[in-house]
Amino acid sequence: MLLTSVYLKTLRDARVAIAGWGLGIGLMLYTVLIAYQDVIATPAAREALATVAKQFSWLAAPLAVDTAGGYALFKYGPLVLLLALWPLLACSRILRGEEETGALDVLLSVPRGRVRVAVEKLAAVGTALLLIALVVGLITYAGGAKAGADFTLGDSLALGLDLALFAAVMGALSLFISQFARERRTATGIAGGLFLLFVVLDMVHRVYSGAEWISRLSPVYYFNESKPLVPSYGTSVSGLAVLFGLTVVLTAAALALFVRRDVGGTVPLPITLGDDEKAAGEIPHSWALRSVYARTLARAAWPTFWWTLGIAGFAGWLVAIVKQLEDQINSLAQSTPVLAQMLTKVGGGGTSLGTALLSSLFTFLPLMLMAFAITQSNRWTSDEDEGRLELVLATPQQRPRVMLASYAAVVTSMLIIAVTTLAVTLTVAALAGVPLDAGRLVAAALTMIPLGLLVAALGYFLSGWLRTAIDTGLLSLVVVAWFVISFVGPELSWPDVTLRASPFYYYGTPLVHGVQAGDIVGLLAAVAVVLALGVLRFSRKDVSI
Amino acid sequence: MGAMIEVRGLTKSYGGKRGIADVSFSVEAGEVFGFLGPNGAGKTTTIRILLALLRADSGSAGIAGHDCWEQSLTVKKLIGYVPGEPALDPNLTGGQLLEYFANLRGGVDRTYLKGLVDRFELDLGRKFRQYSSGNKRKVVLIQAFMHRPEVLILDEPTSGLDPLNQQEFDHLVRETRDEGRTVFLSSHILSEVEHTCTRVGIIREGRIVRVGGVEEIKDIKRYEITISFAEVVPPEAFAGLPGVAAVASIDSGRELRLSMNGAADAVVKAAAQHRVVGLTSHEPSLEETFLRYYEGEPEGAAN
């Protein structure tokens, strides 16, 4: 039944995403909502929360954070917008991706017009987003009901709709850009970069007064105009209308371009998006083609560059702003001891509250590195799924060597990211006059590597059984679960055994407490075991298309 | 010369689904062996076991005396491989792909490689994803031959090639054979096998149904003799004669069409009892023989 039309087939392809993203985002919100009562257990704690929220207003608007809904929206800030990654990837795949593989040629050979095929595919993505919104809304409502929140089912569904509309804008943008790019990955990369830019643009008006016009250039601004979980603020119909309008305009423009251009071709631009059509017609000599390791590393070069820019830039930004916050936080902490306790709980505590604050924010760095590890292990799995390992394995290369060479390239990329992050943070700390312990900064930057290694090893291990989509989905779910355990677990006073189930526990708070050698050795031992099992599995399994 | 490829009792299933069962054959060194079968017969499964991409449930597969699974590294040093469905990094150019695989093989004679590129007139500057299916096939063909392997394992190698390049491929296979190297060629194009192979194995529904020389395979085929007489001759005069499988009467009994599966001696002698005005013999192509095997003739019926 699900294969009776292009619409249903596309919707069927999205079923894992609907379940994964719906449950993932929904459970994130649910967990924070049920933790809310513990966070505001006393009036002093409630006051401290409101105070610290103001310090983080650059990240997310601190609106009614002393309510369950306001706290949940503030706690995750722009993180919930990660949902946009799915339509961003899906919309570059449904046309450009299928043009690359040739699948669209076959599809367009059936007696259906181009517009109809494209519209059916886009309608399926839209339906999938609405279903995700429904799942998010229902789970959020359940969390709110459990926490005794004052928002209704309609409010939580409005949050889901707001999220879905923002995600739809990013998907439409990706679709539009893909009309100009030769490759799907180019469109995805540009749209992903714009996504980050939009998040930053939205922050501008919360840091600089009078700069609201800049933030209005970002769809995130219109997403944030609605705060459905804060009944006193409500849902902005105009904000939703702008998001809907942007989606319609971008989609219509993309469709108009699609029906006029060659299938497999691009809309001409003065500059070329992506690689040149033709390279030199000779057999080249290049270090990047010397081995599986070199080839994998070269292939990861651009992603490594962009992720380095993101992670190192974020770390540098954190160090730069912590100086501005430190004085205020210190004075606030003296008058509000609960605030000090809160920061201590999250950041690990220490002599300097500013350092504790920085330490708590540094938790995001290994999370970002783990996300990078997921993308790279995804490449390995898709190479096998799509038969690209077949000819490599037909050469005199041992299977363990092929897998380890690929893994070593991922390790190298992560080392580059970590070392660059270290160099940037040290430089920014020196320039901004932030008195950070260099040794502990080194520890904070380098000890995130084992966490990335663990996720990559797990991805390679799971590829022994699972297809790309399921492997990536499962790995993402595991990382999100680990993060939630460490992000919310201490607030809920979860038992130590649960907290220890997350690798973030072993990362600890290196900026404050330095490296716990035993924990790092334990993490590396886990990496070695998972990787060895992955290699063993790959050495014995049937390699099939 | 001894067997270069030795397969004994090879069995592989995919869960409950059939793969291959008890497949046995051998290919001598310097031989061009054709491996024939319809889609889904088990050709690619057999090849992927030879390549150690799949592990057999039972049986053995060896190349040059080395076990294909246990000594896969040694085996892979000896072979060149063309997969049935070439999947390569879509963002590398043809030149980059050839350079990459040359490096993975520890280097190749670049002059010979250049010669192959010229013979197939391959444009090395385009990315793999931009190639037509024929040009993609050229890339994988060149990478299979470029290191002058002792054994070439080719899975539907000419699929997508134009006639000129197919001809070039035939020349390349003959050169390889003349140099004493071995070619294992899976195909369903009979003319290709008929022209290039010295021996043929036919696989159907996962089982080998016939292995023999190309001429030997032809020997199992039925042929037809049509005899025109001056008068009406009853079919019964020929039915039941040695070598006659079936008799059909046409043209009001003045012409008989005999389906033969043996020597024609008895038929010729019986025809001499009448006034014969014409006699033609039609020899079916290997294609027809091949099709007959696929149409469900009992295994080994022709053995």
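Worth saying up front: this structure is predicted, and the values here are computed from it rather than measured. (Residues numbered from 1 in each chain as written. Chains lettered and ligands numbered in written order. Predicted model: local features only at pLDDT ≥ 70, side-chain atom pairs only at ≥ 80, totals over all residues.)

### Focus: the overall build of chain B
Scanning chain B from N- to C-terminus turns up 10 helices and 14 strands. Dimensions of chain B, computed from C-alpha atoms along their principal axes, come out at roughly 75 × 40 × 35 Å. Per-residue burial over chain B gives 42% buried out of 303 residues. Considering only residue pairs separated by 6 or more positions, chain B has 68% of its internal contacts joining residues 24 or more positions apart. (Helix = DSSP H or I, 4+ residues; strand = E, 2+ residues; numbered from the N terminus. Buried ≥ 20, exposed ≤ 12 C-beta atoms within 10 Å, placed from the backbone. Contact = placed C-beta atoms within 7 Å.)

### What to know about the interface of chain B and chain A
With 32 residues of chain B in contact, the opposing surface of chain A contributes 30 residues. Where the side of chain B that touches chain A is concerned, the elements lending two or more residues are helix 2 (72–78), helix 3 (94–104) and helix 4 (110–120) of chain B. Residue contributions to the side of chain B that touches chain A peak at 8 residues, all from helix 3 of chain B. Of the residues that constitute the side of chain B that touches chain A, the class distribution is 15 nonpolar, 6 polar and 11 charged. (Nonpolar A, V, L, I, M, F, W, Y, C, P; charged D, E, K, R; others polar.)

### Examining the pairing of strand 10 (residues 207–213) of chain B
Residues and elements named next belong to chain B. Where strand 9 (residues 199–204) lies against strand 10, 6 bridges are found, and the strand directions are antiparallel. In the sheet register, G201 faces strand 10, and the bridge partner there is V211. Two successive antiparallel strands, strand 9 and strand 10, enclose a turn made up of 2 residues, where E205 displays a positive phi of approximately 50°. (Pairing = 2+ DSSP bridges.)

### So, the domain arrangement of chain B
Under the domain assignment used here, chain B contains domain 1 (3–218) and domain 2 (222–283). A C-alpha centroid distance of 44 Å is found between domain 1 of chain B and domain 2 of chain B. (Domains from an automatic or database assignment.)

### A word on the sheet that holds strand 1 (residues 3–14) of chain B
Residue and element names in this part refer to chain B. As summarised here, the arrangement of the 4 strands in space is 2-1-4-5, forming an open sheet in which the pairing is antiparallel. The two strands at the open ends of the sheet, each matched to only one other strand, are strand 2 (17–28) and strand 5 (66–67). Looking at chain direction, strand 4 (residues 58–63) and strand 5 are connected through 2 bridges and run antiparallel. Paired with I63 across the two strands is H66, which belongs to strand 5.

### Considerations on the sheet that holds strand 6 (residues 79–82) of chain B
Backbone-to-backbone hydrogen bonds join strands into a sheet, with any given pair of strands oriented parallel or antiparallel. Residues and elements named next belong to chain B. Strand order in this open sheet of 6 strands is 6-7-8-3-9-10, and the pairing throughout is mixed. Unpaired on one side and paired on the other, strand 6 and strand 10 mark the two borders of the sheet. Across the sheet, the axes of successive neighbouring strands diverge by a mean angle of 15°, strand direction being ignored. Across the sheet, helix 1 (residues 43–50) is in contact with strand 3 (32–36), strand 7 (151–155), strand 8 (182–187) and strand 9; its angle to strand 7 comes to roughly 145°. Seen against the sheet, helix 6 (residues 163–178) touches strand 3, strand 7 and strand 8 and runs at an angle of roughly 145° to strand 8. (Axes fitted to C-alpha atoms, helices over the stretch in contact; angles between N-to-C directions.)

### What about unusual backbone geometry?
All names here are of chain B. One non-glycine residue with positive phi stands out, namely D22, at about 50°. Within the secondary structure layout, D22 lies in strand 2. The backbone of E205 shows a phi angle near 50°, a positive value even though the residue is not glycine. Mapping E205 onto the fold places it in the loop between strand 9 and strand 10. E205 gets classed as partly exposed once you count the C-beta atoms within 10 Å, which come to 16.

### Details of the environment of G69 of chain A
Residues and elements named next belong to chain A. Structurally, G69 is set in helix 4 (residues 68–76). Residue G69 is classed as buried on the basis of its 30 C-beta neighbours within 10 Å. G69 sits 161 residues away from V230 along the chain, and the two C-alpha atoms are 5.5 Å apart. Each residue touching G69, except ones within four places of it in the same chain, is listed here: G144, A149, F151, L229 and V230.

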